[in-house]
Amino acid sequence: MYADFESLIQDFAGSQNYLFLDAKVKEHADGLLGAFAAACTRRGVASPDLFTYASLDAILLGDMPRLNAPLDVRRAVPGLLAEFFDYLAASGHYPAAAEWSVWIAEIGKKYQALFRDDGSVKGETFKKKYTDVNRNDPCPCGSGKKFKKCCMDLIS
């Protein structure tokens, strides 16, 4: 994404903002910020100067909830990004990042609402783990009889 994004992440890892992060989030911080950078690239945000509320909304709500990370870490993404943006603003790298933190706080509420109790993300396609059996279909038990003449009475 950005030529200096990796160096910004490294600088952030040595900052006070990073020290106050939850230990489990610290463990995944580099990967989460790298995934954020990759999502920015996929969505056409070539530099931080091009961030808009809409682009951050699309990245945070569209890409970040579906990362392969534990649920509590995925739920902490808005907080991590807010801390990262606060660092960018305070260090002078990107003064506009202070506004991005405000945006992240607003978008974070919608982000948290995306998660179900089981950790899945609302809006994902549900796929059945079984097939429907009609009365005249072959019985799934493998007997070769029609379902209505074999196992249908067992489940009715």
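Everything numeric here is computed off the predicted structure, so don't read it as measured data.

Asks: Residues and numbers for the overall build of the chain, please.
Replies: For the chain, the helix and strand inventory stands at eight helices and zero strands. Counting from the amino terminus, the chain carries its helices and strands in the arrangement α-α-α-α-α-α-α-α. By its C-alpha atoms, the chain is 75 × 30 × 25 Å across when sized along the principal axes. The burial tally for the chain puts 38% of its 156 residues in the buried class. Partitioning the contacts of the chain with sequence separation of at least 6, the portion at a separation of at least 24 is 59%. Of the accessible surface of the chain, which amounts to about 9,300 Å², a share of 53% is contributed by carbon and sulfur atoms.

Asks: Give a description of the nonpolar core that names residues and reports values.
Replies: The biggest cluster of nonpolar side chains holds 41 residues, and the ones touching the most others in it are Phe36, Phe84, Phe85, Leu88 and Trp100. Contacts of Phe36, omitting those with residues within four sequence positions, involve Phe5, Phe51, Leu56, Ile59, Met64, Leu81 and Phe85.

Asks: Describe helix 3 (residues 23–42), and please don't skip the residues or the numbers.
Replies: For helix 3, built from 20 residues, the straight-helix expectation of 28 Å at 1.5 Å per residue is met to within 8% by its first-to-last C-alpha distance of 29 Å. Where helix 3 bends most, at Ala29, the angle is about 55°. All of the buried residues along helix 3 are Val25, Ala29, Leu32, Leu33, Ala35, Phe36, Ala37, Ala39 and Cys40. Summarising the contacts, the buried residues of helix 3 are in contact with helix 1 (5–13), helix 2 (16–19), helix 4 (53–62), helix 5 (71–75) and helix 6 (77–91). Looking one or two residues past helix 3, Gly44 carries a phi angle of roughly 85°, positive in sign.

Asks: Break down the side chain of Arg74 for me, citing the residues and quoting the values.
Replies: With respect to the helices and strands, Arg74 occurs in helix 5. Among the polar contacts made by the side chain of Arg74, one reaches the main-chain carbonyl oxygen of Pro65 at a distance of 2.9 Å. Every residue in contact with Arg74, bar those within four places of it in the chain, is listed here: Pro65, Leu67, Ala69, Tyr111, Phe115, Gly119 and Val121.

Conventions and cut-offs
Per-chain numbering applies: the sequence of each chain, read as written, is numbered from 1 onward. Restriction of local features to residues with pLDDT of at least 70 applies here, the model being predicted, together with a cutoff of 80 or more for giving and counting side-chain atom pairs; totals for whole chains, interfaces and linings are based on all residues. Side-chain descriptors were evaluated using all non-hydrogen atoms of the structure, hydrogens and water having been removed beforehand. In this text, helices come from DSSP runs of H or I with a minimum length of four residues, and strands from runs of E with a minimum of two, each type numbered from the N-terminal end. Relative accessibility under 20% of the residue-type maximum defines a buried residue, over 50% an exposed one, and the middle range a partly exposed one, all with a 1.4 Å probe and only protein chains included. Pairs of residues are marked as contacts when any of their non-hydrogen atoms sit within 4.5 Å. All accessible areas in this document rest on Shrake-Rupley with a 1.4 Å probe, and a residue is counted as covered only by the protein chains that are shown. Buried Ala, Val, Leu, Ile, Met, Phe, Trp, Tyr and Cys residues that are joined via side-chain atoms within 4.5 Å together make up what is termed a nonpolar core. By definition here, a helix of n residues has an expected span of 1.5 Å times n minus one. Take the seven residues that end at a residue and the seven that start at it, fit an axis to each, and the angle between those axes is the bend at that residue. Polar contacts, as used here, are pairs of N or O atoms within 3.5 Å; protein pairs need one atom able to donate a hydrogen and one able to accept it. Residues neighboring in sequence count only if both atoms are side-chain atoms.

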